Amino acid sequence: MSSKKSTLDDDSDRISQGPDEKNTIASKVPGAILKDAELVTTKGNIVTKDGVVISTDDSDASLSTNIFSDPEVKAYYVGVYEKAQYECRHVFDADLTWTKEEEKKIIRKLDWHVCLWACVMFFSLQVDRGNLTQAVSGTFLKDLKLNTNDYNLGNSVFRISFLFAELPSQLVSKKIGPDRWIPTQMVLWSIVAMAQAGLQNKTGFLATRALLGILEGGFIPDLVLWLSYFYTSRELPVRLSFFWTALSVTGIITSLLAFGIFHLEGHNGLAGWRWLFLLEGLLTLLLGFASFFLMPASAVQTKTWFRPNGWFNDRELSIVVNRVLRDDPSKGDMHNRQAITPRRLWSALKDYDLWPIYALGLTCFIPQTPPGDYLTLNLRTLGFSTFNTNLLTMPKDVFHIISLLSLTWLSGKINQRALVAIFQPLWVLPCLVALYTWSGLLSEKWNTYILITVLLSYPYCHAINVGWASRNSNNVASRSVSTALYNMCVQLGSIISANIYRADDKPRYKRGNRTLIGINVMVIVLFLLAKAYYVTKNKIRDKKWKAMTPEERIDYTMNTTDTASRRLDFRFAH
């Protein structure tokens, strides 16, 4: 358990004062800051306008494990939760204690019920937005009289639609709740996915791509938000790494499914790719209906007519709710049917200190995307059959899982973002250079396959970047919007990547690979610049903070109009 404190250094450093400073502050708190403070307790604990609790008394050691040990802090948040009509407020218990063994048991139960199903739902998303790659290994392009430029256009239409649906979907989700909206999305996009089995021409292809993008947009931030209802800030990044691992697991499963489904080629007069869309769409439709029953709105809403005992007994429920609130008490300052306001959106857009991470989201996944999108087409060009092509896509997914988990673990272990995430472009660069310069490309069958597989086994830094954006947002309201904005930048980058390999550049795509090398070098530079930017910002803030007197520091903490990452007493992760 941990309490939310004012962070002065990366992740854990706090305001420190000597004995004389504490006495000075204690004597000045009532007169100097009581007027404008949200709360100043008789123990010397202070609740800032952002909900950060600061202890000015070392003797109050319990605050480090239970932020509500101060009765006045407890009373303050009782009022906050009641005003917000927080759905778990009746389970809030400031005096509750539990053992590590109990908490470990609770986390295992959460992983089984919450994290596992989140991965299943993400699997559903990836199946229906990614099976076009398997479809083109068959006669899809030939049957619809499409060329590779049309294929690129379809990918662009999907990603543009996905991008523009991101924020509207977030608004709907926050209004009616992710537990209602996400299953609805899954059912609707599955119907469209199945309808692709009846495609006859380019117009229908582009229309279904657009509909899929509109219906799937916003799904990922909504699902991450739902996970945050159950996990603490320390636990969530690990669960996100599981979440993104599902991306590669889906690649393995869909390759096996495609291998089997394509054996239906010609059955009842339907091409294999039509069976692929029909059967995989039916699978995700069933998962969508199941999600209505397996995705409760919150920890206190797991009991229902079809699940009369719920997931937790009364004690387990109290632990689930209170450990999350003690980690971040602001998670209860809004209920799970509350929409994002335009003011919050505008505030997040103006926060230029997050722009370096947005720039990385825009660019860092472009270099490896075209080789991935064209993997099955290139394997067919090399002479592999439809069946073998789908099987040969599996090894890169296995290696991708290993590299993703390893990179995310390393980042958390050494508490570094930029210098660990930079391994991704460093891995990809020599592979792209080989694609551009190697004379045996596409003529040496197995060596070409090995090269592309190594490239696509790159250590995926997406989980690190998402956690980085979340950490540097510094409050819940900003965090939900900044995560969506980061994801929008990623989608914008995918639109760019979909138009780099062009038909007049095939089959070796020399011009395209040259462009990818340039972008990849730029990504390496951007990671280094992001690191330098945040280190410099922290040094500047340290200098300003140390120049202030203790009285000035506490006055700033209580009265500043700066919010989120704009606060002078906040330090950026890098």
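Residues numbered from 1 in each chain as written. Predicted model: local features only at pLDDT ≥ 70, side-chain atom pairs only at ≥ 80, totals over all residues. Heavy atoms only, no water.

1. Structural notes on helix α8 (residues 202-216)
Here α8 spans 21 Å end to end across 15 residues, near enough to the 21 Å set by a 1.5 Å rise per residue. Among the residues making up α8, those that are buried are Phe-205, Leu-206, Thr-208, Arg-209, Ala-210, Leu-212, Gly-213, Leu-215 and Glu-216. The secondary structure elements touched by the buried residues of α8 are α3 (100-130), α4 (132-135), α5 (140-143), α6 (148-176), α7 (178-195) and α9 (219-228). Of the residues flanking the start of α8, the one acting as N-cap is Asn-201, its side-chain oxygen 3.3 Å from the backbone nitrogen of Thr-203. Of the residues flanking the end of α8, it is Gly-218, one or two places downstream, whose phi is positive at about 85°. (Helix = DSSP H or I, 4+ residues; strand = E, 2+ residues; numbered from the N terminus. Expected span 1.5 Å × (residues − 1). Buried < 20%, exposed > 50% of the residue type's maximum accessible area, 1.4 Å probe, protein only. Contact = heavy atoms within 4.5 Å. Polar contact = N/O pair within 3.5 Å; in protein donor to acceptor, adjacent residues only side chain to side chain.)

2. Considering helix α10 (residues 236-261)
Compared with an ideal rise of 1.5 Å per residue, which puts 26 residues at 38 Å, α10 spans 36 Å between its outermost C-alpha atoms and is within 8% of the ideal. Along α10, the helix axis deviates most sharply at Ser-248, where the bend reaches about 25°. (Bend = angle between axes of the 7 residues up to and from the residue.)

3. Examining the packing of aromatic side chains
Tallied over the full model, the rule gives 29 aromatic pairs. Aromatic ring contacts, followed pair by pair, group Phe-68, Tyr-77, Tyr-81, Tyr-86 and Phe-92 into a single cluster. Against the face of Phe-384 rests Lys-445, its NZ or CZ located 4.3 Å from the ring centre. The side chain of Lys-510 reaches across the aromatic face of Tyr-436, ending 4.3 Å from its centre. (Phe/Tyr/Trp six-rings, centres within 6.5 Å; stacked < 30°, edge-to-face > 60°. Lys NZ or Arg CZ within 6 Å of the ring centre and 35° of its normal.)

4. So, the environment of Trp-427
By secondary structure assignment, the location of Trp-427 is in helix α20 (residues 423-437). Residues Trp-427 and Tyr-458, spaced 31 residues apart in sequence, show a C-alpha to C-alpha distance of 6.1 Å. The residues contacting Trp-427, other than those within four sequence positions of it, are Val-454, Leu-455, Ser-457, Tyr-458 and Pro-459. A polar atom in the side chain of Trp-427 sits 2.8 Å from the backbone oxygen of Val-454.

5. As for the nonpolar core
Among the nonpolar cores identified, the biggest contains 142 residues, and Phe-122, Phe-140, Phe-219, Leu-223 and Phe-527 are the most heavily contacted of them. Broken down by element, the residue count for this core peaks at 12 residues, all from α3. Excluding residues within four positions of it along the chain, Phe-527 makes contact with Leu-360, Cys-364, Ala-418, Ala-421, Ile-422, Pro-425, Cys-461, Asn-465 and Trp-468. (Core = buried A, V, L, I, M, F, W, Y, C linked by side-chain atoms within 4.5 Å.)

6. Remarks on empty space enclosed by the protein
Within the structure shown, the criterion is met by three cavities of 30 Å³ or more. One number sums up the size of the largest cavity: a volume of about 1000 Å³. Elements with a minimum of two residues in the lining of the largest cavity: α3, α4, α6, α10, α15 (369-373), α18 (394-414) and α23 (476-497). Looking at the lining of the largest cavity, the element that brings in the most residues is α10, giving seven residues. (1 Å grid on protein atoms, 1.4 Å probe; cavity = no way out; pocket = protein on both sides within 12 Å on 5 of 7 lines; lining within 4 Å. Points joined across faces, edges and corners; volume = space filled by probe spheres on them.)

7. Structural notes on the state of the cysteines
Summed over all chains, the structure comprises zero disulfides. Free cysteine Cys-115: the closest other cysteine sulfur is in Cys-119, separated by 4.4 Å. This cysteine, Cys-364, is not joined by any disulfide, and Cys-461 carries the nearest cysteine sulfur, 4.1 Å off. Residue class for Cys-364 comes out buried when judged on its relative accessible area of 2%. (Disulfide = S-S within 2.5 Å.)

8. A closer look at the packing of α6 against α7
In the contact formed by α6 and α7, the axes pass within 7 Å of each other and the chain directions differ by 130°. It follows from the interaxial angle that α6 and α7 lie oblique. Within the contact between the two elements, α6 uses Ser-169, Val-172, Ser-173 and Ile-176 and α7 uses Pro-178, Asp-179, Arg-180, Trp-181 and Gln-185. Across the contact of α6 with α7, the residue classes tally to four nonpolar, three polar and two charged. (Axes fitted to C-alpha atoms, helices over the stretch in contact; angles between N-to-C directions. Parallel < 35°, antiparallel > 145°, perpendicular 65-115°, else oblique. Nonpolar A, V, L, I, M, F, W, Y, C, P; charged D, E, K, R; others polar.)

9. Observations concerning the pattern of salt bridges
Applying the stated criterion across every chain, the model contains 11 salt bridges. Between Asp-353 and Lys-537 there is a salt bridge; the shortest N-O distance is 3.6 Å. Separated by 184 residues along the polypeptide, Asp-353 in the loop between α13 (342-350) and α14 (355-363) and Lys-537 in helix α24 (residues 510-547) bring together distant segments of the chain. The pair formed by Asp-353 and Lys-537 is uniform in burial state, with each residue classed as buried. Through salt bridges with shared partners, one network takes in Glu-103, Glu-235 and Arg-323. (Salt bridge = Lys/Arg side-chain N within 4 Å of Asp/Glu carboxyl O.)

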